Amino acid sequence: MGAAPSTPRLGESGAASPGAAEQMFAALVGGKAYPISSEFWRQLLELPLTLQWPRDRVLQACHAFAQNNYNTKHLAKILIHLVWCLDECTSASSVSYSTYRKAINAAYISSIFLKFIIENAKADNWQELSLDIDKDEKGMENFPSDQNVEYFLMKGVLNYIGSVDVSPESCYLHHELLNLMLVLMSTQLCSGPSPEPKDVHPFIDAAMLQDSSIVTSVVQKLLLNFVRQPQIPVNGSHPVFSDDGGPGVLQRVGSAAANFVLLPYYTFNYLVSANAEGATSQLADNSLLVLLVLIHYRKCISTNESIPTDSVYVSDSDTSVKDAPAFHENPYYKALNNANDIQFDRGDVEGNAQNEPVVRLSFASLFDALGTCLKDESSVLLLYSLVHGNCNFQEYVLVRTDLDTLLMPILEMLYNASRKTSNQIYMLLIILLILSQDSTFNASVHKLVLPSVPWYQERLMHQTSLGSLMVVILIRTIKYNLSKLRDVYLHTNCLAILANMGPHVHRLSAYASQRLVSLFDMLSRKYAKLAELKNDKALKVISDQIETDIISDDMSTELHIYTDFLRIVLEIINAILTYALPRNPEVVYAILHRQEVFEPFKNHPRFNELLENIYTVLDFFNSRMDMQQLEGEWSVDKVLELINKNCRSWRGEGMKMFTQLRFTYEQESHPEEFFIPYAWRLILSRGFSFNPGAINLFPVEIHVDDAPSGVQKV
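Predicted model, so just to flag it, every value in this text is computed and none were measured.

Looking at the overall build of the protein
Here comes step 1: The number of helices and strands found in the protein is 27 helices and 8 strands.
Here comes step 2: Burial status across the protein gives 55% buried among its 714 residues.
Here comes step 3: Counting only contacts in the protein whose residues sit at least 6 apart along the sequence, the fraction spanning at least 24 positions is 75%.
Here comes step 4: As presented, the protein carries roughly 30,800 Å² of accessible surface, and 49% of it is formed by carbon and sulfur atoms.

Laid out in structure tokens, this is it:
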């Protein structure tokens, strides 16, 4: 980098000549410590940042900065100046362009060097950040004596994000602060998948300690950004660009070329469409990613740690069990779960019981935004978080009459399961499982008729119910899983949703009814093949008896699994015939048409009681057909006409009443082991680059999908 001058100087009239800017950055990364009150910081942050350094020079600068930061404390100082700039931006009624520029530059420069240090840290206690600073230094008089730098930083950044609306003037600063937040929280990538008491995350831990008013405002603002999808002006002219009108860093953020000053390799890759109408909202995307990291973070408490009782950051776990892991309560997760519809004032119901600030926003707008954005995997994770944790939002979804707004994107993604990640399929199915636990939902989906389903290619679907489409897509997902993924958990989820829907099925379409019976046929053939292999005498010729036993045990386990699957499908058919037969003539037709598929299991001890009801129905309708004097052959229309006629006289005589199957979803006791890595995989997939060698949160080269389990039969 060359030696730094003792007093870096700007050009005449304060303008930053290329040489002066080089000198300023050389001084920043050099070995001389500049006091926090030095004029150096103002001059540095007022630079237009139009330097364009090649990658090797940037890496050289980062190495020098990291090495000298132990003595200079320049990282802590620029972070403190960032907060002071944010305070100016927040408190002033009219913010000058130079004030915005200083804050943006401080956030941008900080993120570059922070990310490099985090990626290359030798120890996991983050001593390399050197955030300890002499509070008696001149210029630190107003620094709170009871706060450290990381808390002071997070309070300033979060307060700005939560309190300042996104506007054409502030959107660039919001953009940089959200990127900085991702960098600050990326220490998680360096930890293992299971949080431990020794894990240190200085910035995200500091975020968890903020006042509830800041926490609430941040969650609300991040959700509003997602709902409103604010756009960064594309290739627009803005006075915070370089003074000479040249392409400063901000202008390049909005360009398709994305040729950044300093380090495009170490900051978020901004890829904004040149077409403003087609541009996705980077602010909305990054707001959502930051929110997902915040709400799914869990801080582990050591067993000998005293747990504070007077703080918002308290334990939500029982520590009485020896060596049982315990976790601090996450205030952002709590705030999201307590979010309320702006059109519904809980105070009217509960009086003054709720004194703490509450996230309030339009659930109608949030519902519509989710329906629009669900093809994005991070939006699916937000929807899961809301329907699982927020009772108010779940109730709102269940009473909507346009459930197709959410369900059609979900079903289309399941239809295209081969192009989705396993994690995304799991999330979609769990969302459907949670919703299917409600009887009103199950009734509503069958009453909502879809004019067409344009993305379904196998056949034309006109005037089919949303419930019928759900049945078709779930069975299709089971068949796809059977041939490709072979995931028992995925099978169980699909069948659990169908079982919850069973008693409430209303006028199931002919196609959905046929698929249901063909599902039983497919599983029964798989079961028969396994049973035949298990009993095959050829297994006995294997000389190694231990190997024979292992093969036999594996086959017995798989056979047992398919026995359970077949029983659940029979219970689904039973539920329809027992509780909803008069409303489902097409189901009756389907089992009449394929009644031979049930014959092999008529005397099976696990199935015979369930098949008794099916044969009671078959006997009833077969006898009615036998009694019918018919000229010519039976046609589909004539059979259906007869079924419809006799459905009206069906009284269910001789049917055994079984307890209705009801499956509920329960999150695992350690959800963080799935959701923290999942959230960071999403962030990396969106362009956030990170040194692969520093990632310990999940295997980088070997793709591992750890699904959250939790289906419980009650």
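Considering the confidence of the model for the protein
Here comes step 1: Summary statistics for the protein give a mean pLDDT of 83 and a share of 81% for residues scoring 70 or more.
Here comes step 2: Predicted confidence for residues 1-7 stays below pLDDT 50, and this span has 12 contacts to residues more than four positions away or in other chains.

With respect to the packing of aromatic side chains
Two aromatic rings are characterised by how far apart their centres lie and by the angle between their planes.
Here comes step 1: Tallied over the entire structure, the rule returns 26 aromatic pairs.
Here comes step 2: Ring geometry for Phe143 and Phe152: centres 4.5 Å apart, planes at 50°, overall tilted. For the pair formed by Phe143 and Phe152, the shared burial category is buried.
Here comes step 3: Measuring from ring centre to ring centre gives 6.0 Å for Tyr384 and Tyr665, while their planes differ by 80°; the resulting arrangement is edge-to-face. Here Tyr665 lies in strand E7 (residues 663-665) and Tyr384 lies in helix H15 (residues 377-389), a separation of 281 residues in the sequence.
Here comes step 4: The buried category is assigned to Tyr665, whose relative accessible area is 7%.

Quick word on the side chain of Lys299
Here comes step 1: Tracing the backbone through its elements, the reader meets Lys299 in the loop between helix H11 (282-296) and strand E1 (300-301).
Here comes step 2: By relative accessible area, Lys299 is classed as buried at 15%.
Here comes step 3: At 3.1 Å, the side chain of Lys299 and the side chain of Asp205 are in polar contact.

Describing the environment of Ser281
Here comes step 1: Topologically, Ser281 is positioned in the loop between helix H10 (249-253) and H11.
Here comes step 2: The class for Ser281 is buried, based on a relative accessible area of 0%.
Here comes step 3: Placed 53 residues apart in sequence, Ser281 and Arg228 show a C-alpha to C-alpha distance of 9.2 Å.
Here comes step 4: Within the local environment of Ser281, its side chain forms a polar contact with the backbone oxygen of Pro230, the two atoms lying 2.5 Å apart.

Remarks on unusual backbone geometry
Here comes step 1: Of note in the backbone geometry, Ser130 takes a positive phi value of approximately 50° without being a glycine.
Here comes step 2: Looking at the element boundaries, Ser130 is found in the loop between helix H5 (97-119) and helix H6 (149-163).
Here comes step 3: Phi at Gln229 is positive, roughly 50°, even though this residue is not glycine.
Here comes step 4: Tracing the backbone through its elements, the reader meets Gln229 in the loop between helix H9 (212-228) and H10.

A short note on the pattern of salt bridges
Here comes step 1: Here the structure, examined in full by the defined rule, presents 24 salt bridges.
Here comes step 2: Salt bridges sharing partners connect three or more residues here, namely Asp521, Arg525, Arg594 and Glu596.

Focus: the packing of helix H14 (residues 363-373) against helix H16 (residues 391-399)
Here comes step 1: One can describe the packing of H14 onto H16 by two numbers: an axis separation of 11 Å at closest approach and a directional angle of 70°. On the basis of the axis angle, H14 is roughly perpendicular to H16. Contact residues: H14 offers Phe363, Ala364, Leu366, Phe367 and Leu370, while H16 offers Asn392, Phe393, Tyr396 and Val397.

Digging into helix H19 (residues 439-447)
Here comes step 1: Within the sequence span of H19, burial applies to Phe441, Asn442, Val445 and His446. Across the axial projection of H19, the buried residues extend over an arc of 130°, all falling on one side.
Here comes step 2: For H19, the N-terminal capping position is held by Asp438, with its side-chain oxygen 2.9 Å away from the main-chain nitrogen of Thr440.

Some points on H6
Here comes step 1: In this model H6 runs 21 Å from its N-terminal to its C-terminal C-alpha over 15 residues, within 8% of the 21 Å that 1.5 Å per residue would give.
Here comes step 2: Counting buried residues along H6, 12 of its 15 residues qualify, which places the element largely inside the surrounding structure.
Here comes step 3: Looking only at H6, the buried set comprises Val149, Glu150, Tyr151, Phe152, Leu153, Met154, Gly156, Val157, Leu158, Tyr160, Ile161 and Gly162.

Observations concerning the packing of H9 against H11
Here comes step 1: Interhelical geometry of H9 versus H11 gives an angle of 140° and a closest axis separation of 8 Å. As judged from the angle between their axes, H9 and H11 are oblique. Handedness of the H9/H11 crossing: left-handed. Between H9, through Val218, Val219, Leu222, Leu223, Asn225 and Phe226, and H11, the contact on the second element is made entirely by Leu283, Ala284, Ser287, Leu288, Val290, Leu291 and Leu294.

Some remarks on the state of the cysteines
Here comes step 1: Across all of its chains, the model carries 0 disulfides by this definition.
Here comes step 2: The cysteine Cys89 is free of any disulfide, with Cys85 supplying the nearest cysteine sulfur at 6.8 Å.

Notes on the environment of Val471
Here comes step 1: Mapped onto the elements, Val471 comes out in helix H20 (residues 466-485).
Here comes step 2: The sequence separation of Val471 and Ser513 amounts to 42 residues, and the corresponding C-alpha distance is 8.6 Å.
Here comes step 3: Non-local contacts of Val471, meaning those with residues more than four positions away in its chain, are made with Leu498, Met501, Leu508 and Ala512.

Digging into the environment of Ala510
Here comes step 1: With respect to the helices, strands and loops of the structure, Ala510 is situated in helix H22 (residues 510-534).
Here comes step 2: Overall, Ala510 belongs to the partly exposed group, its relative accessible area being 28%.
Here comes step 3: Along the backbone, Ala510 and Thr464 are 46 residues apart, and their C-alpha atoms lie at a distance of 9.6 Å.

Procedures and definitions
Within every chain, residues take consecutive numbers counted from 1 along the sequence as written. pLDDT decides what is reported in this predicted model: residues at 70 or higher carry local features, side-chain atom pairs at 80 or more are listed and counted, and totals for whole chains, interfaces and linings draw on all residues regardless. With hydrogens and water set aside, each side-chain value is computed from the structure's full complement of heavy atoms. For the purposes of this entry, the term helix denotes a DSSP run of H or I that reaches at least four residues, the term strand denotes a run of E that reaches at least two, and both are numbered from the N terminus. Burial status follows relative accessibility: with a 1.4 Å probe on protein chains alone, a residue under 20% of its type maximum counts as buried, one over 50% as exposed, and anything between as partly exposed. Two residues qualify as a contact provided that any one of their heavy atoms is within 4.5 Å of a heavy atom in the partner residue. For every accessible area listed, the method is Shrake-Rupley and the probe measures 1.4 Å; residues are considered covered only by the protein chains on display. Confidence of the prediction at every residue is given by pLDDT, a number between 0 and 100. Stacked, tilted and edge-to-face are the three classes applied to pairs of Phe, Tyr and Trp rings, where Trp contributes its six-membered ring and a pair requires centres within 6.5 Å; stacked means planes under 30 degrees apart, edge-to-face means over 60, and tilted covers the rest. Polar contacts, as used here, are pairs of N or O atoms within 3.5 Å; protein pairs need one atom able to donate a hydrogen and one able to accept it. Residues neighboring in sequence count only if both atoms are side-chain atoms. A pair is scored as a salt bridge if a Lys or Arg side-chain nitrogen falls within 4 Å of a carboxyl oxygen belonging to Asp or Glu. An axis is simply a line fitted to the C-alpha atoms; with a helix, the fit covers only the stretch in contact. Between two such axes, the angle follows the N-to-C directions and lies from 0 to 180 degrees. What sets the label is the angle itself: under 35 degrees gives roughly parallel, over 145 gives roughly antiparallel, 65 to 115 gives roughly perpendicular, and the rest give oblique. In this context, the arc is that of the directions from the helix axis out to the C-beta atoms. For a helix, the expected span equals 1.5 Å multiplied by the number of residues minus one. Take the far helix as your reference; a near helix turned counterclockwise from it by less than a right angle gives a left-handed crossing, and one turned clockwise gives a right-handed crossing. Here, a disulfide means two cysteine sulfur atoms that sit within 2.5 Å of each other.

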